[in-house]
Amino acid sequence: MCTVCGCGEDRLAGPGHEHGHDHHHHGHSHAHLHFGTGAAGVSVGDMSQARLIEIETDILAKNDAHALGNRRVLRALGAYAVNLVSSPGSGKTTLLVKTIGMMGDSPLAVIEGDQQTENDADRIRATGAPAVQVNTGKGCHLDGHMVGHAMDHLNLKPGSFLFIENVGNLVCPAAFDLGEDAKVAILSVTEGEDKPLKYPDMFTAAKLAILNKVDLAPYTDADLDAYEANLRRVNPLIEILRVSARTGEGMEAWVRWLKSRHAAKTLAKAG
Amino acid sequence: MHEMSLAEGIRQIVDDQAKAHGFSAVRVLRLEIGRFAGVEKEALAFCFDVVMRGGPAEGAILEMIDLPGRAMCCDCSTEVEIADRLDPCPLCGGGRLVPVAGDEMRVKDMEVV
Ligand SMILES: Nc1nc2c(ncn2[C@@H]2O[C@H](COP(=O)(O)OP(=O)(O)OP(=O)(O)O)[C@@H](O)[C@H]2O)c(=O)[nH]1
Ligand SMILES: [Mg+2]
Ligand SMILES: [Zn+2]
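The shown structure was predicted, so the numbers you read here are calculated from the model rather than taken from an experiment.

Caption draft 1: Just the overall build of chain B, in detail. The helix and strand tally for chain B stands at two helices and six strands. Ordered by position in the sequence, the α and β elements of chain B form the string α-β-α-β-β-β-β-β. Its C-alpha atoms give chain B a radius of gyration of 17 Å, clearly above 13 Å, the size a compact globule of 113 residues would have. Burial statistics for chain B: of 113 residues in total, 48% are counted as buried. In chain B, the proportion of contacts linking residues at least 24 apart, taken out of those at least 6 apart, comes to 72%. For chain B, the exposed area adds up to about 5,200 Å²; of that, 49% sits on carbon and sulfur atoms. Of the side-chain charges in chain B, 12 are positive and 20 negative, and the distance between the mean point of each set is 3 Å.

What follows is the structure in structure tokens.
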């Protein structure tokens, strides 16, 4: 059951889970009725009962309500959630598999978002960690609603880490809040130093950028300092870690980052 | 981009409002779109026409109002207006700016009958 919309809807992949997507939500937006006035408070000339309704509602208000619901559930559980965003193939699943092996006995779970296939969830489950695959079909991003349903299926343990691997796409996922504590953008060194400049929204929204596949840097002309300079140009506050999910270089720093963020959230809640 | 999802969000707002206020048709629907919202306006207009079919806003005029982009300059600690996401600070020329406004995507109002 969906805690925000109460719709009982399910779009998770897997046997018996492939039914359609019918929206039947109820609104939470506030509107004020102003009869007979135009935009600037001018009387509407023709009296054919045209009226102006002020809405002032975010187009993504419904998504944000779902995200807020997710955030509340995570907070109550003392869980810490990261939303991993990147272009396709920059190494999100590889990084997660490696991360899971380094997290010791911290409880964790994974939500995998892809347009098609169960491949990434299968790769995660092979490590023994619980994973739910969400297939978005034509959708180019996960939304708060999908993640809420996936969370219901995961039975998160208190104090968990929740890793959400978004659909590989540097544009759309930036706009959709999932209820996560931090967006982490992954950029692999073969993608080109100018990617942060071409897709600034994603790197503006991220707290941390992982510069992945640094093991390949010597074989390409990748200029790691230029990557960092461009990341800081679009987001002066962004943190950056240089990592290779293949060799393990930089992975301890990433795991430390996760644990310290989780601890800070727990402290903030207690205080 | 996700203009289709945006159009679906607008459709949901229209349907909710029609239920709440009992109007039958939307003549004009006005959006406020921030400069940095990354909205492809032509794509959104196209998706709007498709997604509004069969509902109260079918055939409605879609108006989009631009909202300026604003950023806080880390060098001179002033909030400034910038036209492009990567513009330098117009006051001090600094390049470290944190956007503070301009990512809005709102339904402002609707003219209904
Ligand atoms: N050399 C090298 N290869 C890597 C590294 N990380 C990932 N790869 C390779 O990059 C390819 C894509 O990795 P994935 O982990 O599937 O990437 P992804 O971001 O999950 O891809 P999508 O989910 O399809 O968007 C695979 O062939 C990985 O083995 C790394 O640090 N170094
Ligand atoms: Mg993957
Ligand atoms: Zn300045």
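Caption draft 2: Local environment of the packing of helix 1 (residues 61-77) of chain A against helix 4 (residues 144-154) of chain A. Residue and element names in this part refer to chain A. At a closest axis distance of 8 Å, the pairing of helix 1 and helix 4 adopts a crossing angle of 30 degrees. The angle between the axes of helix 1 and helix 4 places the two elements in the roughly parallel class. The element helix 1 and its partner helix 4 pack so that their crossing is left-handed. Across from Asn63, His66, Ala67, Asn70, Val73 and Leu74 in helix 1, the residues of helix 4 making contact are Gly144, His145, Val147, Gly148 and Met151. Tallied by class, residues from the contact of helix 1 with helix 4 come to five nonpolar, six polar and no charged.

Caption draft 3: Representation of the packing of helix 1 (residues 3-21) of chain B against helix 2 (residues 41-51) of chain B within the structure. Residue and element names in this part refer to chain B. Contact pair helix 1 / helix 2: the axes reach a minimum separation of 8 Å and the direction vectors enclose 50 degrees. Here helix 2 runs oblique to helix 1, going by the angle between their axes. For the crossing formed where helix 1 meets helix 2, the hand is right-handed. Judged by residue contacts, Glu3, Met4, Leu6, Ala7, Glu8, Ile10 and Arg11 of helix 1 engage Ala43, Leu44, Cys47, Phe48, Val50 and Val51 from helix 2.

Caption draft 4: Highlighting the coordination of the magnesium ion (ligand 2). Residues and elements named next belong to chain A. In this structure, Thr93 (OG1), Asp120 (OD) and Glu165 (OE) serve as the protein donors to the magnesium ion (ligand 2), at separations of 2.1 Å. The sequence motif formed by the donor residues of the magnesium ion (ligand 2) is T-x26-D-x44-E. Here Thr93, found in helix 2 (residues 92-102), pairs with Asp120, found in helix 3 (residues 119-125); they are 27 residues apart in sequence, far enough to count as distant. The exposure class of Thr93 is buried, given its relative accessible area of 4%. Taking the relative accessible area as the measure of exposure, Asp120 reaches 11% and is therefore buried.

Caption draft 5: Inspection of helix 8 (residues 251-270) of chain A at higher detail. All names here are of chain A. The end-to-end C-alpha distance of helix 8 is 29 Å, a good match for the 28 Å that 20 residues give at a rise of 1.5 Å each. Taken together, the buried positions of helix 8 are Met251, Trp254, Val255, Trp257, Leu258, His262 and Lys265. Down the axis of helix 8, the buried side of the element spans an arc of 155 degrees, and every buried residue falls inside it. Opposite the buried face of helix 8, by more than 90 degrees, sit the exposed residues Arg256, Leu267, Ala268 and Ala270.

Caption draft 6: Region of the structure containing the sheet that holds strand 4 (residues 79-82) of chain B. Residues and elements named next belong to chain B. Pairing is antiparallel across the open sheet formed by three strands, whose spatial order is 4-3-5. Unpaired on one side and paired on the other, strand 4 and strand 5 (97-101) mark the two borders of the sheet. Strand-to-strand, the axes of this sheet are offset by a mean angle of 40 degrees, without reference to chain direction. Judged from the four bridges that link them, strand 3 (residues 69-73) and strand 5 form a sheet pairing that is antiparallel. Counted as the bridge partner of Met72 is Val98 from strand 5.

Caption draft 7: Seen up close, the confidence of the model for chain A. All names here are of chain A. For chain A, the average pLDDT comes to 86, and 82% of its residues sit at 70 or higher. When the criterion is pLDDT under 50, residues 1-6 qualifies, and its contacts beyond four places in sequence or with other chains add up to 18 contacts. For the stretch residues 8-45, pLDDT sits under 50, and the model shows 78 contacts to residues farther than four places along the chain or on other chains.

Calculation notes
Residues numbered from 1 in each chain as written. Chains lettered and ligands numbered in written order. Predicted model: local features only at pLDDT ≥ 70, side-chain atom pairs only at ≥ 80, totals over all residues. Heavy atoms only, no water. Helix = DSSP H or I, 4+ residues; strand = E, 2+ residues; numbered from the N terminus. Rg over C-alpha atoms; globule rule 2.2 N^0.38 Å. Buried < 20%, exposed > 50% of the residue type's maximum accessible area, 1.4 Å probe, protein only. Contact = heavy atoms within 4.5 Å. Areas by Shrake-Rupley, 256 points an atom, 1.4 Å probe, with all protein chains shown as cover. Lys, Arg positive; Asp, Glu negative; His and termini not counted. Charge placed at Lys NZ, Arg CZ, Asp CG, Glu CD. Axes fitted to C-alpha atoms, helices over the stretch in contact; angles between N-to-C directions. Parallel < 35°, antiparallel > 145°, perpendicular 65-115°, else oblique. Left-handed = near helix turned anticlockwise from the far one by under 90°. Nonpolar A, V, L, I, M, F, W, Y, C, P; charged D, E, K, R; others polar. Donors = N, O, S within 2.8 Å, 3.2 Å for Na, K, Ca; no water. Expected span 1.5 Å × (residues − 1). Arc of directions from axis to C-beta. Pairing = 2+ DSSP bridges. pLDDT = per-residue confidence, 0-100.

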